[in-house]
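Here is how the chains run, residue by residue.
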Amino acid sequence: MDSYLERLRRQLEDAVSGASAASLTQAPPGKWNAVQILEHLLLTYQGTNRGLAKCVELGGPLGTRATLKDRMATLLVVNLGYMPGGRKSPARAMPRGMEPDEVRHEIAGELQRMIAGLDECERRFGGRAKIMDHPFLGPLTAAEWRKFHWVHGRHHARQIRERVGKS
């Protein structure tokens, strides 16, 4: 498994291991609980996987040309590993109320599919190909997608640990 995504899997497992059902569903007012955070992450993995499948199906990368704003955002998040807080999630990645066991069960499989899809796109289109666009960061390579998901997941794993009392 890719090291960034393997680290992410371990961080997420560690964040929820031993957490009670009650602690997984409690949160400060106006904030997501641990299950909602996991569902958000699951939805982002599913979205990435749909995009990767489309690249393979169409036989080429879908990334557009990066703007200066895209380059700066990618530098901040992917290269420097900083995930700014306070950004509203796109509607397609907003939690919809999945059951805790369902989310926990599906997340590892989606991570595994993402690893396979990123590896396949990288093999087919090359390591420098901008595979597809991220909604805030613009076009990313397979390596940048891996690092983005790790940075994003690490940010949310911290929140999960806080919610379940592991901080």
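This text follows the structure it describes.
First, a word on scope: everything that follows refers to the structure included in this document. This structure is a prediction, so every number in the text was calculated from the model and none was measured.

This paragraph deals with the overall build of the chain. Within the chain, the regular secondary structure consists of 6 helices and 2 strands. Helices and strands in the chain line up, N terminus first, as α-α-α-α-α-β-β-α. Scaling as 2.2 N^0.38, a compact globule of 167 residues should have a C-alpha radius of gyration of about 15 Å, and the chain matches this with 16 Å. Overall size of the chain, expressed as C-alpha extent along the three principal axes, is 45 × 30 × 25 Å. Buried residues in the chain amount to 46% of all 167 residues. The long-range share in the chain, meaning contacts at least 24 apart out of those at least 6 apart in sequence, stands at 79%. Surface accessibility of the chain: about 8900 Å² in total, with carbon and sulfur atoms responsible for 51%. The distance from the centre of the 26 positive side-chain charges to the centre of the 18 negative ones in the chain is 7 Å.

Here we take up helix α3 (residues 34-58). Along its 25 residues, α3 runs 36 Å from first to last C-alpha, staying within 8% of the 36 Å computed at 1.5 Å per residue. Between the side-chain oxygen of the N-cap and the backbone nitrogen of Val35 there are 3.0 Å, and the N-cap of α3 in question is Asn33. Positive backbone phi, approximately 80 degrees, marks Gly59, located one or two places after α3.

Before going further, it helps to spend a moment on the packing of aromatic side chains. Applying the stated criterion to the full structure yields 2 aromatic pairs. When the centroid spacing of 5.1 Å and the interplanar angle of 40 degrees are considered together, the rings of Tyr4 and Trp150 count as tilted. Taken together, the positions of Tyr4 in helix α1 (residues 3-16) and Trp150 in helix α6 (residues 142-163) put the pair 146 residues apart, joining distant regions of the chain. On the basis of relative accessible area, Tyr4 is assigned to the partly exposed category, the value being 24%. Seen from their ring centres, Trp145 and Phe148 are 6.1 Å apart, and the 90 degrees between their planes marks the pair as edge-to-face. One end of the pair, Trp145, and the other, Phe148, are both in helix α6, 3 residues apart, so they sit about a helical turn from each other. The ring of Trp150 has Arg7 lying over it, and the distance from NZ or CZ to the ring centre is 4.7 Å. Positioned above the aromatic ring of Phe136 is the side chain of Arg87, whose terminal nitrogen or guanidinium carbon lies 4.3 Å from the ring centre.

Next up on the list: the pattern of salt bridges. Side chains that differ in sign of charge can pair as their charged atoms come close. Taken as a whole and assessed by the stated rule, the structure comprises 10 salt bridges. The partner of Asp119 in a salt bridge is Arg146, and the shortest N-O contact between them spans 2.8 Å. Here Asp119 is found in helix α5 (residues 100-125), whereas its partner Arg146 is found in helix α6, with 27 residues between them in sequence. Sharing partners across several salt bridges, the network here consists of Glu6, Arg9, Arg10 and Glu13.

So, about helix α4 (residues 68-79). The set of residues buried in α4 consists of Asp70, Ala73, Thr74, Val77 and Val78. For α4, the angular spread of the buried residues around the axis is 100 degrees, confining them to a single face. The positive-phi residue at the C-terminal boundary of α4 is Gly81, with phi of around 70 degrees.

Criteria and thresholds
- Residues numbered from 1 in each chain as written.
- Predicted model: local features only at pLDDT ≥ 70, side-chain atom pairs only at ≥ 80, totals over all residues.
- Heavy atoms only, no water.
- Helix = DSSP H or I, 4+ residues; strand = E, 2+ residues; numbered from the N terminus.
- Rg over C-alpha atoms; globule rule 2.2 N^0.38 Å.
- Buried < 20%, exposed > 50% of the residue type's maximum accessible area, 1.4 Å probe, protein only.
- Contact = heavy atoms within 4.5 Å.
- Areas by Shrake-Rupley, 256 points an atom, 1.4 Å probe, with all protein chains shown as cover.
- Lys, Arg positive; Asp, Glu negative; His and termini not counted.
- Charge placed at Lys NZ, Arg CZ, Asp CG, Glu CD.
- Expected span 1.5 Å × (residues − 1).
- Polar contact = N/O pair within 3.5 Å; in protein donor to acceptor, adjacent residues only side chain to side chain.
- Phe/Tyr/Trp six-rings, centres within 6.5 Å; stacked < 30°, edge-to-face > 60°.
- Lys NZ or Arg CZ within 6 Å of the ring centre and 35° of its normal.
- Salt bridge = Lys/Arg side-chain N within 4 Å of Asp/Glu carboxyl O.
- Arc of directions from axis to C-beta.

Read these as geometric descriptors, not functional statements.
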